[in-house]
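Below, each chain spelled out in residue letters.
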Amino acid sequence: VRGVLAVLPLDWATRVDLSAVFSSGNSSTESFNTLAESRLKQPNAQHLATLLRNTEKSEGITSKDQVDLSYGYKRFISARWFGSANSNYFRDELKDIDQRLTLGAGVGLQIWNSDRGVLSTEFGVSAVQERLNGLNRVNPAARWAIDFQRFFLNRRVEVFHRQSILSIAAEERGQVLTSSTGIRFALSDRIDTALRTDLNYETDPP
């Protein structure tokens, strides 16, 4: 892979965060969290794919089971402006969200881009197909997103924040807010440690 990347003008980085918690005593709990990110940069384009998987069992009963898979594409039309396309699949059956599939497009602005980090924002429209409580529905939506990375100590420390707000145009629906925020410290070229918080919040129904 490195030989191919050396020939082609590509910048490709993939990271996987893994965490697990086991507790026993008056109650027993098993919790697993996996976040995989793959970012491919080209001279005039960028691809970002992420997968978030959360599971938890308490006393042998499943108390959390979430899948969040997303893909984003940016095509730069100038040094700062870009067109964007995105898709997302989300499932949380314990919240009665059997499936949410989102497809969208928009425009964005790269506010800051240097060796020390990046900051970009984008706005667009989406089509949202949901299956809630066994009922299927399709609605338009407006989407706003922000992507922030900042590096310190010769890129050994990274502060990051990525979020999106999806405003669904339906009377009985509200906004869907998702974000991932944290800090990473590189222990070596291959291994780092992270402190991260992930949010998935829906205003209506809450």
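As shown above, the structure is provided for reference.
What counts and what doesn't
- Residues numbered from 1 in each chain as written.
- Predicted model: local features only at pLDDT ≥ 70, side-chain atom pairs only at ≥ 80, totals over all residues.
- Heavy atoms only, no water.
- Helix = DSSP H or I, 4+ residues; strand = E, 2+ residues; numbered from the N terminus.
- Buried < 20%, exposed > 50% of the residue type's maximum accessible area, 1.4 Å probe, protein only.
- Pairing = 2+ DSSP bridges.
- Axes fitted to C-alpha atoms, helices over the stretch in contact; angles between N-to-C directions.
- Core = buried A, V, L, I, M, F, W, Y, C linked by side-chain atoms within 4.5 Å.
- Contact = heavy atoms within 4.5 Å.
- Salt bridge = Lys/Arg side-chain N within 4 Å of Asp/Glu carboxyl O.

A. Fine view of the overall build of the protein chain. Secondary structure assignment for the protein chain yields one helix and 11 strands. Element order for the protein chain, N to C, with α for helix and β for strand: α-β-β-β-β-β-β-β-β-β-β-β. In terms of its C-alpha atoms, the protein chain occupies a principal-axis envelope of roughly 50 × 45 × 30 Å. Each of the 206 residues in the protein chain was classed as buried or not, and the buried ones make up 34%.

B. Structural detail: the sheet that holds strand β9 (residues 157-168). On the basis of which strands lie adjacent, the open sheet formed by 11 strands has the order β1-β2-β3-β4-β5-β6-β7-β8-β9-β10-β11 and antiparallel pairing. Of all strands in the sheet, those bounded by a partner on one side alone are β1 (11-23) and β11 (192-202). Between one strand axis and the next, the sheet turns through 10 degrees on average, direction left out of account. Pairing of strand β3 (residues 45-58) with strand β4 (residues 61-76) involves 14 bridges; the strand directions are antiparallel. Across the sheet, residue R53 finds its bridge partner in β4, namely V67.

C. Region of the structure containing the nonpolar core. Counting six residues, the largest nonpolar core is built from V128, A141, L166, I168, A170 and V176. Beyond its immediate stretch of four places on either side in the chain, V128 contacts R100, L101, T102, R137, V138, N139, A141, L166 and I168.

D. Highlighting the pattern of salt bridges. On inspection of all chains with the given rule, the structure shows 18 salt bridges. R184 is the salt-bridge partner of D17, the closest N and O atoms lying 3.1 Å from each other. Here D17 is found in strand β1, whereas its partner R184 is found in strand β10 (residues 175-186), with 167 residues between them in sequence. Taken individually, D17 and R184 each receive the classification buried, so the pair is uniform in this respect. R137 serves as the salt-bridge partner of E172, at 3.1 Å between the closest nitrogen and oxygen.

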